[in-house]
Amino acid sequence: MADTALSVPRRSPLAGVADRLAAVTRASGGAVRLAELPFLAQVNVRLDAKGAAADAVGLALGLSLPLEPNTGVRAGELTVLWLGPDEWLVVGAPDTQRDLEHRIRAAAGDEHVSVTDVSAQRTTLLVSGARARDLLAHGCPLDLHPRAFGPGRCAQTMLARAQVVVVARSEPGAGFWVLVRSSFAGYLTDWLLDAAGEYVAEV
């Protein structure tokens, strides 16, 4: 019997507000840029940072797992974020999570390692522009000054009372990633849009 199941198009948590994000970006005149980066692969990895698996996994991914707290490293389309002494988040291009899981498990071999696909758990907001730090500072307790939270830094924190991971991107002018649970994405986006109104009014 032929498969008659309907294929349902995938819909990101913020698909319905893409136009609002784009409108505020245009109206701010470059002060802020807001956009969703949907469906990024996100794989949580836990292993002994001092064990053989750490070097092997890093080699398989083409980078060294960051060992300094609250830092991230980037190689090509991959970014690895330090979440704890034995925990990292590997972020990659959409739909690459299975490949990442396979590479990590194969590299670890018989070493103890936990690899979990958490791609569906969060979505990613891009916050950039000349006033990006000011916008995030309205609702984030972190010191976001470039001296304290410059490119390559990351942290698990709260933004407008939502639990997030904030990443200061290492590319010039790339701004920040805000990784937020899908169930809080709409609320946080509404907060960002409201807070960004201050910069729309300036132009």
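The text that follows walks through the structure, step by step, so that each part is easy to find.

Rules behind the numbers
Residues numbered from 1 in each chain as written. Predicted model: local features only at pLDDT ≥ 70, side-chain atom pairs only at ≥ 80, totals over all residues. Heavy atoms only, no water. Helix = DSSP H or I, 4+ residues; strand = E, 2+ residues; numbered from the N terminus. Polar contact = N/O pair within 3.5 Å; in protein donor to acceptor, adjacent residues only side chain to side chain. Contact = heavy atoms within 4.5 Å. Pairing = 2+ DSSP bridges. Axes fitted to C-alpha atoms, helices over the stretch in contact; angles between N-to-C directions. Phe/Tyr/Trp six-rings, centres within 6.5 Å; stacked < 30°, edge-to-face > 60°. Lys NZ or Arg CZ within 6 Å of the ring centre and 35° of its normal. Core = buried A, V, L, I, M, F, W, Y, C linked by side-chain atoms within 4.5 Å. Buried < 20%, exposed > 50% of the residue type's maximum accessible area, 1.4 Å probe, protein only. Salt bridge = Lys/Arg side-chain N within 4 Å of Asp/Glu carboxyl O.

## Some words on the side chain of T123
Then, number 1: Within the secondary structure layout, T123 lies in strand β7 (residues 122-128).
Then, number 2: For T123, the side chain forms a polar contact with the side chain of E36, separated by 2.6 Å.
Then, number 3: Those residues in contact with T123 that lie beyond four places of it in its chain are P13, L14, E36, L37, P38, V178, L179, V180, S182 and A185.

## A look at the sheet that holds β7
Then, number 1: An order of β1-β7-β10-β9-β8 is seen for the five strands of this open sheet, with the pairing classed as antiparallel. Looking along the sheet, the strands with just one partner apiece sit at the ends: β1 (33-37) and β8 (154-159). Each adjacent strand pair in this sheet contributes to an overall mean axis angle of 30°, direction not counted.

## Structural notes on the packing of aromatic side chains
Then, number 1: Overall, the coordinates contain zero aromatic pairs when judged by the stated rule.
Then, number 2: The side chain of R10 reaches across the aromatic face of F39, ending 4.0 Å from its centre.
Then, number 3: The ring of W177 is capped by R169, whose NZ or CZ atom sits 3.7 Å from the centre of that ring.

## Details of the sheet that holds strand β3 (residues 72-75)
Then, number 1: Here five strands make up an open sheet; going across it, the order is β3-β4-β5-β2-β6 and the pairing antiparallel. Strand pairing shows two members of the sheet lacking a second neighbour, β3 and β6 (113-117), which therefore form its edges. The sheet shows a mean angle of 20° between the axes of neighbouring strands, direction not considered.
Then, number 2: Sheet topology places strand β2 (residues 41-47) next to strand β5 (residues 87-92); six bridges connect them, and they run antiparallel. Considered in β5, the bridge of V43 is made with V90.
Then, number 3: Running at roughly 160° to β2, helix α2 (residues 52-61) makes contact with β2, β4 (78-84) and β5 of the sheet.
Then, number 4: Of the strands in this sheet, β2, β4, β5 and β6 are in contact with helix α3 (residues 97-108), which crosses β2 at around 20°.

## Notes on the nonpolar core
Then, number 1: Among the nonpolar cores identified, the biggest contains 32 residues, and L34, L135, L188 and L192 are the most heavily contacted of them.
Then, number 2: The set of elements that each furnish at least two residues to this core consists of α1 (18-27), β7, α4 (132-137), β8, β9 (162-168), β10 (176-181) and α5 (182-200).
Then, number 3: Broken down by element, this core gets its largest block of residues, eight residues, from α5.
Then, number 4: Judged by nonpolar contacts, the second largest core, of 20 residues, contains A53, V80, W82 and A108.

## Some remarks on the pattern of salt bridges
When their charged atoms lie close together, side chains carrying opposite charge are able to pair.
Then, number 1: All told, the structure shown has 10 salt bridges when counted by the stated rule.
Then, number 2: For the salt bridge of E87 with R46, the shortest nitrogen-to-oxygen distance reads 4.0 Å. Taken as a pair, E87 in strand β5 and R46 in strand β2 lie far apart in primary sequence, 41 residues in all.
Then, number 3: Its relative accessible area of 37% is what places R46 among the partly exposed residues.

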